[in-house]
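Residues per chain are reported as follows:
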Amino acid sequence: MAWEVIFWIIFFIINIALIASNLYQIVCLSDLESDYMNPYESSSRINAVVVPEMVLHGVCSVLLLLTGYWFMFLLTLPITIYNSMLYMNNQHLIDVTEVFRYVDAEKKYRIAKLAVYLSLFFLVVIRSMIAGNFTTILEPFHPTNEDLDILSHVLEF
Amino acid sequence: MVTENPNHANNYPRPAATPFAPPQSNTPFSSSRPVANSAFRPTPPPNTPPSFPSGPVVGSEVPGFRPMQTATRPTPPYGPPTTGPFQRFPTPPFQTPPPPRTAPPVGPPTIRPPAFQNHQPQVPPPSMPMGSPPQTMNGMLSNSNMQQPQPPMGPRPGHPAAVRATSSSAWPGYPGMQSNTATPPPPSGGYAPPQPTTSTPFQGGYAPPQPTTSAPFQGGYAPPQPTTSAQFQGGYAPPQPTTSAQFQGGYAPPQPTTSAPFQSGYGPTQPPPVASPLGMYVGGPTPPTGGMQGLVEDFSSLSIGSVPGSFDAGLDTKVLPRPLDGDVEPTSFAEMYPMNCSSRYLRLTTSAIPNSQSLVSRWHLPLGAVVCPLAEAPEGEEVPIVNFATTGIVRCRRCRTYVNPYVTFTDGGRKWRCNICALLNDVQNDYFAHLDATGKRVDLDQHPELTKGCVEFVAPAEYMVRPPMPPLYFFLIDVSIYSVKSGMLESSLTQPQMMVVSDLDDIFVPLPDDLLVNLSESRTVVDAFLDSLPSMFQDNVNVESAFGPALKAAFMVMSQLGGKLLIFQSTLPSLGVGRLRLRGDDIRAYGTDREHALRIPEDPFYKQMAADFTKYQVAINIYAFSDKYTDIASLGTLAKYTGGQVYYYPSFHSAIHKDKLRHELARDLTRETAWEAVMRIRCGKGVRFTSYHGNFMLRSTDLLALPAVDCDKAYAMQFALEETLLTTQIVYFQVALLHTSSSGERRIRVHTAAASVVADLGEMYRQADTGAIVSLFGRLAIEKSLSYKLEEARNAIQQRIVKSLKEYRNLYAVQHRVGTRMIYPESLKYLCLYGLALCKSTTLRGGYADSQLDERCAAGFTMMALPVKKMLKLLYPSLLRVDEYLTKASGHGDSEFEKICTRLPLAADSLDSRGIYIYDDGFRLVVWFGQMLSPDISRNLVGEDFATDFSRVSLSERDNEMSRKLMGILKKLRNGDASYYPLCHLVRQGEQPRENFFLLSNLVEDQVGGMNGYVDWVLQIHRLVQQ
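Residues numbered from 1 in each chain as written. Chains lettered and ligands numbered in written order. Predicted model: local features only at pLDDT ≥ 70, side-chain atom pairs only at ≥ 80, totals over all residues. Heavy atoms only, no water.

Undergrad: Would you mind going over the overall build of chain B in detail, with residue names and values included?
TA: For chain B, the count of helices and strands is 43 helices and 27 strands. Scored against the burial criterion, the 1027 residues of chain B give a buried share of 65%. A separation threshold of at least 6 residues defines the contact pool for chain B, and within that pool the share at least 24 residues apart is 79%. Entry remark: accessible area of chain B is about 34200 Å², with carbon and sulfur atoms responsible for 56%. (Helix = DSSP H or I, 4+ residues; strand = E, 2+ residues; numbered from the N terminus. Buried < 20%, exposed > 50% of the residue type's maximum accessible area, 1.4 Å probe, protein only. Contact = heavy atoms within 4.5 Å. Areas by Shrake-Rupley, 256 points an atom, 1.4 Å probe, with all protein chains shown as cover.)

Here is the structure:
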């Protein structure tokens, strides 16, 4: 299943990017808190990656949905909804003038996101291994696609 | 309430609890009475001597005692009298208590306590009548124990004694006494009088008592009010006799003696005599009485009808506390730490810092400070300037604290210990001085930084990132049609003559650089330009305003230097970036979750611009002139985050507002301003500032960036404890403002203050500062209104007041019979009223229709920056009656003027239709003419127009004595505070809607537009507290 492997690789890359972006934002916020960075710089750095991250997340979500990985899609769904809510209310960017009031909340939100992305990351790694190896290994024993599907369902939780 | 007290418990519980509270009715009382009596008697006898031990104990035990609650019903009457002074007294007594005990034998104080205790225990059963008295007694006792020392000592003793005597003997006398004694008497009353009183009430039938009670309370409160007393007398008087009789009956044995002795004893203040005869009793209670109440009850109270339905009857509006003397700053704090900076600069919400998290969690009021770093110092108290030219500024190595009066020198003067972090620092050679025998530096008198809490250091080059900037003012003027029409151009532009440097720019032609001119060199050019502006645009019919692009242009010009940008805007920005929509008319938004969105900037452009301006040290002041919606919420954001302020002139017209604009613009340009400033407040270990409120931008977690600061700006901040328990005895606060003065010198202004750490919640209440608390409340509520509904912001204020009073009540309810009285600390007696005033302030009042959105927002921005005194004045403006002064023939002197400066309660009841009143909230003056006022007076004051519509009449000096006097008063009122120019409005009674708009809706004690009146508000709070 070549396309499947390709998808897993794409997911993997997207996931890494999301994790990196979140880590970067958290670092910026901590720097801000400990006064290593001024609010102007910090918020402009964070704001620069917020929208790309949202887009990336949306793409990832949609891909999961289209490829039929329901469980993982559901895992990303809450963040998708929350992101779109923030965006609609125009609250997705950091407000320079009030950063310090919200810095704690913003940090917690990003740490929570990071946790989700990390768990997603492990799933992706496992699944890509399965997709890459198991299927090819098991293929001779399961000539029909149907059987394979059943098996994969089991593996898919 | 009373029940719990261990010691007192017995005594109190019964009385207080049953009879009083719920029953209210006579029955309880009567029953109680008997009981009480019985109880009493027993008590006294045994008590006196034996009780002693316990008594003292009690007293000592409970500092709280003072609070005593003498309150018990009977007491209450007295109690009320207790009011301020007394309450305070109590405290001291506490401390003293121990001695008293010992003293007992000797002094009266001791005696009393014992007696009390004894009494109490025994008494308990009697409950009601006695109860109340007993309570008092108990309270007294405890207090007395504690107090005793004090009471006797207090000057009051005399009074009390007298009072008591009077009271006991003749109630009628009481009233008279009241004023003095009234409060104090309670204790004594508690004893001698109280009994009577108590009994009376009972006898009289409790029913009446309610009123009575209230009366007493009121009296307590009222202290000021004779009325109360009167009531008392009236109500009580009759009863008294009875009471006494009863007492005697019940108490009889003791009483007679007691009372007699008491009175006598008390009168003199000496417990001893009394003591012996009566027993402890007398001595104890009585002495205190006068002072007693004070001593006894640590709190103030308002008696409120015991029956929920009887509120109206039970609460006399006259006795409610009112800040008619303006802001009263707590003085004890300054006395305790004389080296602290003045309260002008720094005010703590409570000068007793809680020592543990648990204590903080029981203190429901804000814990913080209000700082006004550049407050105007009166003549002779200028801030000393210190120049450490050679040594560099002396600071702690670790925490960077500036050297201040609280650092200690050790090691022969070679080291100094930082008072904030306790680090030992080396003293530089140049700064070295020997220590004298007491460990003080010998050259102390040459170092103001070591003796004064407020100094200004000259900052060397390492405190600059660039050479100090010159003061720079840039004017951004809207020349659209409305400005031309309203005459804004002419009036505003004749002003800027005092500036050192001015920038000119034709708004529509953004040119970078070289637009700055030096005023002294190019004065004529500037003047010519300003003069030509109106004519240049007189044919302008453009209704659009390109505010955003103009702002960007200004930014480009100013970003090189920083300075102050004054924006004159008279229409809604409608072109280019930052254009805004009309959104203020959306009545449907009110009451929904979207309501708050109207009060925050619509376009993030404004916040972003504000942040950028702050970054380049530009402060923005907004002068808004439109009578239509201008979206102050968005424009004001520019001022909020750049440390500026918003001036709002609704329906501006140059003929009317000329003086106001001229004065305020001149003030803005000439007041002492600090440029490119940053402010930080440091405090001792274990305490941390968590949030800041005001017009500024946070540069890092604890650094406020203030492109321009002046004497009219104050900043509030809250702190929290970092550790569960503070181990230090004193917490120090140090505010440091690094700025460039208008003379172009880099300076650091440092304010240092110390505050004690306490473990007692009562002490925190005692040292609370209503002004600072209200300031913080206001700022918090306004901030809340930016993200929630107005309703919620108002509720939040009420909630916190209720919670804090409830906590306070819990503190004292146990040992004192609080009954249905509402109790509150003397220091916070105005809190309820100010809370109400906040809810009725322009920013927070009502809903859509109650004030214009723009006005609301402008008031909000203004209040966020107001110093404490100004804030309180705005919340509870003064109302003066002036017709008598005007019509009286003579009377020019200041003494005459002083006389008219008697502030009246802000209620429609204060307005007499035959008079002239001036309402002054610091932002506007309203002269109110009564309907029945003689036409001659009106004619003298406003000329022949006196019968026409006052909206078109302006007050000017006419050629007659009366008019000159009135103008004299207005001038004096204006001179009292130069930060704003209160414009004078004339209003005639019955002239709607102007009367309503200018005056009636601002009478905070009245029920206006669905908001509670003062009485209802107090009752509501009381009800919530009791739940």
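Once the structure has been displayed, the description carries forward.
Undergrad: Could you give me a rundown of unusual backbone geometry, with the residues and numbers involved?
TA: All names here are of chain B. In this structure, Asp 411 is a non-glycine residue whose phi angle is positive, near 55°. Locating Asp 411 in the fold gives a position in the loop between strand S6 (408-410) and strand S7 (415-417). In this model, Ala 422 sits at a positive phi of 65°, which is unusual for a non-glycine residue. Mapping Ala 422 onto the fold places it in the loop between S7 and strand S8 (424-426).

Undergrad: Explain helix H28 (residues 547-558) of chain B to me, using residue names and the numbers behind them.
TA: All names here are of chain B. Across its 12 residues, H28 extends 16 Å between first and last C-alpha, which sits within 8% of the 16 Å expected from 1.5 Å per residue. When you tally the buried positions in H28, you get nine out of 12 residues, the bulk of the element. By the burial criterion, the buried members of H28 are Phe 547, Gly 548, Ala 550, Leu 551, Ala 553, Ala 554, Phe 555, Val 557 and Met 558. (Expected span 1.5 Å × (residues − 1).)

Undergrad: Can you explain the packing of aromatic side chains? Please cite residues and give values.
TA: Residues and elements named next belong to chain B. Within this structure, the stated rule accounts for 33 aromatic pairs over all chains. For the ring pair Phe 568 and Phe 625, a centre distance of 6.2 Å and an interplane angle of 10° mean the geometry is stacked. Remark: Phe 625 occurs in the loop between strand S14 (618-624) and helix H30 (632-640) and Phe 568 occurs in strand S13 (residues 563-569); sequence separation between them is 57 residues. Residue class for Phe 568 comes out buried when judged on its relative accessible area of 0%. Residue classification places Phe 625 among the buried residues on the basis of a relative accessible area of 0%. The structure contains a cluster of three or more aromatic residues connected by ring pairs, namely Phe 568, Tyr 623, Phe 625, Tyr 647, Tyr 649, Phe 652, Phe 923 and Tyr 980. (Phe/Tyr/Trp six-rings, centres within 6.5 Å; stacked < 30°, edge-to-face > 60°.)

Undergrad: Account for the interface of chain A and chain B, with residues named and values stated.
TA: With 10 residues of chain A in contact, the opposing surface of chain B contributes 15 residues. A buried area of about 1200 Å², summed over both sides, lies between chain A and chain B, and 57% of it is on carbon and sulfur atoms. Area buried by chain A at its contact with chain B is led by Tyr40(A), Thr97(A) and Phe100(A), which between them contribute 51% of it. Notably, a salt bridge pairs Lys607(B) with Asp95(A), separated by 2.4 Å at the nearest N-O pair. One can count six residue pairs in polar contact (both at pLDDT 80 or more) joining chain A with chain B. Within the residue set of the side of chain A that touches chain B, elements represented by two or more residues are helix H2 (39-67) and helix H4 (99-138) of chain A. When its residues are assigned to classes, the side of chain A that touches chain B shows four nonpolar, one polar and five charged. (Buried area = accessible area lost by both parts, 1.4 Å probe. Salt bridge = Lys/Arg side-chain N within 4 Å of Asp/Glu carboxyl O. Polar contact = N/O pair within 3.5 Å; in protein donor to acceptor, adjacent residues only side chain to side chain. Nonpolar A, V, L, I, M, F, W, Y, C, P; charged D, E, K, R; others polar.)

Undergrad: Mind laying out the sheet that holds strand S26 (residues 924-929) of chain B, listing which residues take part and the relevant values?
TA: Whether parallel or antiparallel, the strands of a sheet pair through hydrogen bonds between backbone atoms. Residue and element names in this part refer to chain B. Spatially, four strands are ordered S24-S25-S26-S27 in an open sheet, and the strand pairing comes out mixed. Edge positions in the sheet fall to strand S24 (878-881) and strand S27 (983-988), since each of these pairs with one other strand and no more. Within the sheet, the average angular offset between the axes of one strand and its neighbour, ignoring direction, is 20°. Strand direction decides the pairing type here: strand S25 (residues 916-920) and S26, joined by five bridges, are antiparallel. Directly across from Ile 916, in S26, lies its bridge partner Phe 929. Relative to the sheet, helix H41 (residues 961-975) contacts S24, S25, S26 and S27, its axis offset from that of S25 by approximately 15°. (Pairing = 2+ DSSP bridges. Axes fitted to C-alpha atoms, helices over the stretch in contact; angles between N-to-C directions.)

Undergrad: Got a sec to walk through the confidence of the model for chain B? Specific residues and values, please.
TA: Summary statistics for chain B give a mean pLDDT of 68 and a share of 61% for residues scoring 70 or more. Here residues 306-313 of chain B is modelled with pLDDT under 50, and outside its nearest four sequence neighbours on either side it reaches 16 contacts, counting other chains as well. (pLDDT = per-residue confidence, 0-100.)

Undergrad: Pulling in residues and values, what's your account of the sheet that holds strand S20 (residues 715-721) of chain B?
TA: All names here are of chain B. On the basis of which strands lie adjacent, the open sheet formed by four strands has the order S2-S4-S20-S17 and antiparallel pairing. Each having just a single partner strand, strand S2 (346-348) and strand S17 (687-693) make up the two edges of the open sheet. Sheet twist, expressed as the average angle between the axes of neighbouring strands with direction ignored, equals 25°. Judged from the three bridges that link them, S2 and strand S4 (residues 368-371) form a sheet pairing that is antiparallel. When the bridges of S4 are listed, Leu 348 appears paired with Ala 369. Together, S2, S4, S17 and S20 form the strand contacts of helix H33 (residues 770-785), whose direction differs from that of S20 by roughly 95°.

Undergrad: Describe the nonpolar core, naming the residues involved and giving the relevant values.
TA: Residue and element names in this part refer to chain B. In terms of nonpolar packing, the biggest core is built from 215 residues, with Phe 457, Leu 551, Leu 565, Leu 638, Phe 733 and Ile 748 touching the most fellow members. A total of nine residues in this core trace back to one element, the largest contributor, which is helix H34 (residues 790-813). Not counting residues up to four positions away in its chain, the partners in contact with Leu 638 are Phe 547, Leu 551, Ile 567, Tyr 606, Met 609, Ala 610, Ile 620 and Ile 622. (Core = buried A, V, L, I, M, F, W, Y, C linked by side-chain atoms within 4.5 Å.)

Undergrad: Please give an account of a nonpolar patch on the surface that cites residues and values.
TA: Residues and elements named next belong to chain A. Where nonpolar side chains cluster on the molecular surface, the patch consists of Val 51, Val 55, Val 59, Tyr 87 and Leu 93 and spans about 420 Å² of accessible area. The greatest single-element share of the nonpolar patch, amounting to three residues, is contributed by H2. Inspection of the secondary structure puts Val 55 in helix H2. (Patch = residues over 30% accessible without salt bridge, like charges linked within 9 Å, V, L, I, M, F, W, Y side chains within 5 Å.)

Undergrad: Just give me the short version of the pairing of strand S9 (residues 454-458) of chain B, but keep the residues and values in it.
TA: Residue and element names in this part refer to chain B. When you tally the buried positions in S9, you get five out of five residues, the bulk of the element. In S9, alternate side chains face the same way, and those of Cys 454, Glu 456 and Val 458 on one face and Val 455 and Phe 457 on the other are all buried. Strand direction decides the pairing type here: strand S5 (residues 385-386) and S9, joined by two bridges, are parallel. Across the sheet, the residue bridging to Ile 385 is Glu 456, located in S9. Here five bridges tie S9 to strand S22 (residues 746-758), and the two strands are oriented antiparallel to one another. When the bridges of S22 are listed, Val 458 appears paired with Arg 747.

Undergrad: How would you summarise the pattern of salt bridges if you had to cite specific residues and measurements?
TA: All names here are of chain B. A complete count under the given rule lists 41 salt bridges over all chains for this structure. Here Arg 414 makes a salt bridge to Asp 411, at a shortest N to O gap of 3.5 Å. Taking the relative accessible area as the measure of exposure, Arg 414 reaches 48% and is therefore partly exposed.

Undergrad: Account for helix H40 (residues 935-942) of chain B, with residues named and values stated.
TA: Residues and elements named next belong to chain B. Here H40 has its buried residues at Ile 937, Ser 938, Leu 941 and Val 942. End-on, the buried residues of H40 take up no more than an arc of 100°, which puts them together on one face. Along its buried surface, H40 packs onto helix H38 (883-887), S25, S26, H41 and S27. At the exit of H40 stands Gly 943, carrying a positive phi of roughly 80°. (Arc of directions from axis to C-beta.)

Undergrad: So what about the state of the cysteines? Which residues, and what values?
TA: Residues and elements named next belong to chain B. A full pass over the atoms with the stated rule returns zero disulfides over all chains. A disulfide-free cysteine, Cys 454 has its sulfur positioned 6.4 Å from the sulfur of Cys 341, the nearest such atom. With a relative accessible area of 8%, Cys 454 lands in the buried category. (Disulfide = S-S within 2.5 Å.)

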